[in-house]
Every structure is written in C-alpha cells, then in structure tokens.
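Residues per chain are reported as follows:
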Amino acid sequence: MGENNIFKVLSDKQRRDILTMLKDGRLSAGEIAQKLGISPAALSYHLRLLKSADLVTEYKNKNYVYYEINTSVFDDLILWAEQLGGSRK
C-alpha cells in the first residue's frame, strides 16, 4: 500500500487510538474493542484497514487473535519524510 493510503488509514482517530494502544504490546481483538468501547464488527473494519496498510500484524493463538503494531512501516515513513525535508544545518 502506498503512502497516500497509509495517510488515509491514519486519518481516523479510532485507528490512531488502536495504534497507540498497541505501542505497549500486542492485544487481543476483544481487549481492543473493550478499551475503545466499540462493537466487534466496528473493530473488525478498523483492523482490516490497518492490516491492509501493513500498520498492524495479527497472530492467532488457539481461539484468540492478537494484534501488534508494525513499526517497520513507520520507519519507512520517517525516512520518506526526512528525504522531503532535505539537509538540515
């Protein structure tokens, strides 16, 4: 997914809130939905968009699905933004 789509995914506050929660470690879908106070269907929609942008990864363990932030995408975005800024003195 290109930078434009990543920015579109990041434009939603609930998706940014999910990423903020995941910065401290992986969480199950149920834990995320409970903390946000949203339905599993609404969470599924947000997680699908975050996964399509490679911003989160999922891990299945028995009956649970856990989500974790993918920091490599943010590293690439930081590098891209620094290239736009040029050299700093």
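Above: the structure in question.
Note that the structure is a prediction, hence the values are computed from the model and not measured. Within any chain, residue numbers begin from 1 and follow the written order of that chain's sequence. Local features are withheld for residues below a pLDDT of 70 in this predicted model, meaning they are given only at 70 or higher, and side-chain atom pairs are given and counted only at 80 or more; totals for whole chains, interfaces and linings count all residues. Excluding hydrogens and water, the side-chain figures rest on all heavy atoms present in the structure.

**Let's talk about the packing of helix α2 (residues 13–22) against helix α3 (residues 29–36)**
And then number 1: It is the contact of α2 with α3, at a shortest axis distance of 11 Å, that shows an interaxial angle of 120°. Of the possible angle classes, the one that applies to α2 and α3 is oblique. Crossing handedness for the pair α2 and α3: right-handed. Between α2 and α3, the contacting residues are Q14, D17, I18, M21 and L22 on the first element and I32, K35 and L36 on the second.
And then number 2: In this classification, Asp, Glu, Lys and Arg are treated as charged, Ala, Val, Leu, Ile, Met, Phe, Trp, Tyr, Cys and Pro as nonpolar, and every other residue, Gly included, as polar. Residue composition of the contact of α2 with α3, by class: five nonpolar, one polar and two charged. Note on method: axes are straight lines fitted to C-alpha atoms, helices fitted across the in-contact stretch only, with angles between N-to-C directions ranging 0 to 180 degrees. Segments assigned H or I by DSSP are reported as helices when at least four residues long, segments assigned E as strands when at least two residues long, and all are numbered from the N terminus. Here the angle decides the label: under 35 degrees means roughly parallel, over 145 means roughly antiparallel, 65 to 115 means roughly perpendicular, and every other value means oblique. Helix crossings fall into two classes, left-handed where the near helix is turned counterclockwise from the far one by less than a right angle and right-handed where it is turned clockwise. Should any heavy atoms of two residues lie within 4.5 Å, those residues are considered in contact.

**Some points on the sheet that holds strand β3 (residues 64–69)**
And then number 1: Sheet architecture is open: three strands sit in the order β1-β3-β2, paired in antiparallel fashion. With partners counted over all chains shown, the strands left at the sheet margins are β1 (27–28) and β2 (56–61), one partner each.
And then number 2: The criterion for strand pairing is that DSSP finds at least two bridges linking the strands in question. As paired elements, β2 and β3 share six bridges and run antiparallel to each other. Bridging across to β3, K60 finds its partner in V65.
And then number 3: Sheet contacts for α2: β1, β2 and β3; angle to β3, the most-contacted strand, approximately 90°.

Take it as geometry only, folks, not as evidence of what the structure does.
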